[in-house]
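For reference, the chains in residue letters:
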Amino acid sequence: MADNFQVTKDGKLKHLLSIDGLSKEIIIDIFNMAESFLKIGSRDVKKVPLLRGKTVCNLFFENSTRTRTTFEIAAKRLSADVINLDIPTSSQSKGESILDTVNNLIAMGADIFVVRHGIPKTPEIIAKAVNNDVHIINGGDGNHAHPTQGLLDSFTIRRFKKEFSNLKVAVVGDIKHSRVARSEVCALSTLGVPEIRVVGPDNLMPDDLDNLNLIHFNDLKKGLKDVDVIMMLRLQKERMEDGDIPSEEDYFKQFGLKRDHLRIAHPDAIIMHPGPINRGIEIESEVADCKQSVILSQVTFGIAIRMAVMTMLISKKL
Ligand code: CP
């Protein structure tokens, strides 16, 4: 859990490190602001001046396509200047510490840092060390949290399903190593989803499963019965140990989402995946591209959510 220093005493968002500790009101405020930014995304001129004069710095110590690019697009649509520090060619290779790197970038005028790192809580450590005028956003830290992914996934569900209070959601796959699953479950619980299922092999469930108020199924067909939302997860191979799955082929046979499964879920169920997709391992290609799939909408909505988060961090009024 992130300390609540990510929200000030008067309720203003100062950093975004984890969904844990965010109120339903803050999440809904982010969603409502994101709705207005979605409209900007459909205009010819997709720019507003809300972050003019500000500098956003992307610090990605792990690879990324969606998160890094959508943060860059979001910042540019808000008229901010954007720095993408190329970590492999930066002075990190000469032994500079992360905090020294961050402090040097602050000396150059950076206002917001988006930090992705393999070690859990790295963004939190940075947030505790920087001065009051700088804002840290967690872009994914180890298996701990990926808060903007949790927000954009919940926002996608709200756009397609309208209400959270009557939903059955199944999160399927490698829950244990997934920062997305943790942020997703936390966001959906806070928003009042009454039934959240986690579906996958016993050994890919988190140790604290019993504390999370989730229903575990180790049979995909049973876990998908009548669900409104199917959230498939990537196998986090970079965080797995040998033998965690028997083989990718066997995993796909047991837990890969296939066309036949869609008959078990609610007929209007939506299919989600945070990406990157491993086609033929987590999900059949045909299903990833079918009409019920909202996977690319998740990516588009991610820009609006990231615009909203950065605007809230910088805003003096909220
Ligand atoms: N969903 C997600 O975090 O994708 P990237 O790793 O490409 O950023």
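Everything below is about the structure shown above.
Description of the structure in this document. On a predicted model such as this, the values are computed, not experimentally measured, just so you know.

**Brief notes about the pattern of salt bridges**
Under the counting rule described, the total for this entry stands at 15 salt bridges. Between D260 and R263 there is a salt bridge, and its shortest N-O distance comes to 3.2 Å. Each of E62, R179, R234, E238 and R239 takes part in a single network of salt bridges with overlapping partners.

**A few points about the side chain of R306**
Residue placement: R306 occurs in helix α10 (residues 295-314). Despite its burial, R306 pairs with no opposite charge, the nearest such side chain being D153 at 7.9 Å. Each residue touching R306, except ones within four places of it in the same chain, is listed here: R66, T67, T70, F71, A74, H146, T148, Q149 and L152.

**Some points on the sheet that holds strand β2 (residues 81-85)**
A sheet is described by the order of its strands in space; here four strands give the open sequence β2-β1-β3-β4, paired in parallel fashion. With one partner strand each, in any of the chains shown, β2 and β4 (135-141) form the two edges of the open sheet. Strand-to-strand twist across the sheet, computed as the mean angle between neighbouring axes with direction ignored, equals 15 degrees. Both strand β1 (residues 55-60) and β2 contribute to a ladder of five bridges, which runs parallel. Each bridged residue has a counterpart across the sheet, and for T55 the counterpart in β2 is D81.

**Let's talk about the nonpolar core**
Counting 66 residues, the largest nonpolar core has I30, F37, I137, L151, V171, I305 and M310 as the members making the most contacts within it. Ranked by residue count, the leading element in this core is α10, at eleven residues. The residue makeup of this core includes at least three contributed by each of domain 1 (4-145 + 299-314) and domain 2 (147-297). Counting residues in each nonpolar core, the second largest holds 25 residues, with I230, Y251, L257 and C290 among its members.

Criteria and cut-off values
Residues numbered from 1 in each chain as written. Predicted model: local features only at pLDDT ≥ 70, side-chain atom pairs only at ≥ 80, totals over all residues. Heavy atoms only, no water. Salt bridge = Lys/Arg side-chain N within 4 Å of Asp/Glu carboxyl O. Helix = DSSP H or I, 4+ residues; strand = E, 2+ residues; numbered from the N terminus. Buried < 20%, exposed > 50% of the residue type's maximum accessible area, 1.4 Å probe, protein only. Lys, Arg positive; Asp, Glu negative; His and termini not counted. Contact = heavy atoms within 4.5 Å. Pairing = 2+ DSSP bridges. Axes fitted to C-alpha atoms, helices over the stretch in contact; angles between N-to-C directions. Core = buried A, V, L, I, M, F, W, Y, C linked by side-chain atoms within 4.5 Å. Domains from an automatic or database assignment.

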